[in-house]
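# An overview of the molecular structure
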Amino acid sequence: MDDVPALLRRMVTTDPGRPRVTWYGPDGERVELSGKVLDNWVAKTANLLVDELDVGPGSRVVLDLPPHWRTLVWLLAVWSAGACVVVERPGAQGTDGPAPPAAEPVEVLVTADPDGPVATLWRPRADRLVVVALPALARSFGAGLPEDALDYALEVRTFGDVFVPFVRPARSDTAYFEILDGAQGISAPYAEMLRFASHEAKLDDGVRLLTGGPGTDPLLDLVGPLVADGSVVVHHDPAALDEAALERLAGQEGVTTVRVR
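I will try to describe carefully the structure that is included in this document. (Residues numbered from 1 in each chain as written. Predicted model: local features only at pLDDT ≥ 70, side-chain atom pairs only at ≥ 80, totals over all residues. Heavy atoms only, no water.)

Estimated volume of the second largest pocket: approximately 300 Å³. Lining the second largest pocket are 16 residues; nearest its centre among them are Pro5, Leu8, Arg9, Asp39 and Phe163. Where the lining of the second largest pocket is concerned, the elements lending two or more residues are helix H1 (4-14) and helix H2 (35-52). A total of five residues in the lining of the second largest pocket trace back to one element, the largest contributor, which is H1. A class-by-class count of the residues in the lining of the second largest pocket yields nine nonpolar, two polar and five charged. (1 Å grid on protein atoms, 1.4 Å probe; cavity = no way out; pocket = protein on both sides within 12 Å on 5 of 7 lines; lining within 4 Å. Points joined across faces, edges and corners; volume = space filled by probe spheres on them. Helix = DSSP H or I, 4+ residues; strand = E, 2+ residues; numbered from the N terminus. Nonpolar A, V, L, I, M, F, W, Y, C, P; charged D, E, K, R; others polar.)

Pasting the structure below:
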């Protein structure tokens, strides 16, 4: 699998109705997206990135989002547009400390918490701010939206559900950059990103992975199962479940692998 558009094509052409991501939220919410529906959300978000935010190859997009189905959509959309995803591990940097070396200007900051520490660190370096509402039925972010922010839930539905990129990234372009503790980072180019996810995730073909919580790796735990032609179940806080509840959830969802970091 060479790139994200090819990954999405495989899901849509081989089994479009198969669930690919299932999310359990804090208020008893459950959202499930088939391959076709996931592809539509990715296309709408990629069109928003390109048409509204001028994102393309060479652009950098910071994702400050918790484990969530919308996080997976944003990951795939940024890569579909040919841009680089920048993520930061929770707690790696504080608002009072120096900015990490990778914190050069970025085109877009995407956050669910515009007043949180990660958004506070990156906001001065971002050209545009996008705020994402997390509740399943939210059609806008509501109160607390900064004046200069784009409301993702409100705007995304107006964009087309087919995405055709104007320019594709070079295989050597950076697709993924993660800030680690101590302001060190790992990065992956487009030519290696999905191969890296497949190798490092160590998941069986057709896996149904249960994951979630603050230690979730966005590349390995959210994208990795799709690369393995599988699916992912994301629980907002699996550490809060006792062993019996975790087993019940895994049984209900046909989970084959549990990974709570």
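What follows picks up the thread again.
Let us look at empty space enclosed by the protein. In this structure the tally under the stated criterion is one cavity of 30 Å³ or more. As a volume, the largest cavity reaches approximately 30 Å³. Its residues placed into classes, the lining of the largest cavity shows five nonpolar, no polar and two charged.

This part takes up the environment of Glu178. For Glu178, the position within the fold is in strand E8 (residues 174-179). Along the primary structure Glu178 and Val87 are separated by 91 residues, whereas in three dimensions their C-alpha atoms are 5.0 Å apart. Within polar-contact distance, the side chain of Glu178 engages the side chain of Tyr176 at 3.4 Å. (Polar contact = N/O pair within 3.5 Å; in protein donor to acceptor, adjacent residues only side chain to side chain.)

A few words on the sheet that holds strand E10 (residues 208-212). Taken together, the five strands give an open sheet; going across it, the order is E2-E1-E11-E10-E12, and neighbouring strands pair in mixed fashion. Whereas interior strands pair on both sides, the edge strands pair on one side only; in this sheet they are strand E2 (30-34) and strand E12 (257-258). Strand direction decides the pairing type here: strand E1 (residues 19-24) and E2, joined by five bridges, are antiparallel. Its bridge partner being in E2, Val21 is matched across the sheet by Leu33. Packing against the sheet, helix H8 (residues 243-253) makes contact with E1, E2, E10, strand E11 (231-235) and E12, and its axis sits at approximately 150° to E1. (Pairing = 2+ DSSP bridges. Contact = heavy atoms within 4.5 Å. Axes fitted to C-alpha atoms, helices over the stretch in contact; angles between N-to-C directions.)

Below, the discussion takes up the packing of H1 against helix H3 (residues 69-80). As a packed pair, H1 and H3 sit with axes 8 Å apart at the nearest point and diverge in direction by 125°. One finds that H1 runs oblique with respect to H3. Residues Val4, Leu7 and Leu8 of H1 touch H3, and the partners they reach there are Leu76, Trp79 and Ser80. For the contact of H1 with H3, the class distribution of residues is five nonpolar, one polar and no charged. (Parallel < 35°, antiparallel > 145°, perpendicular 65-115°, else oblique.)

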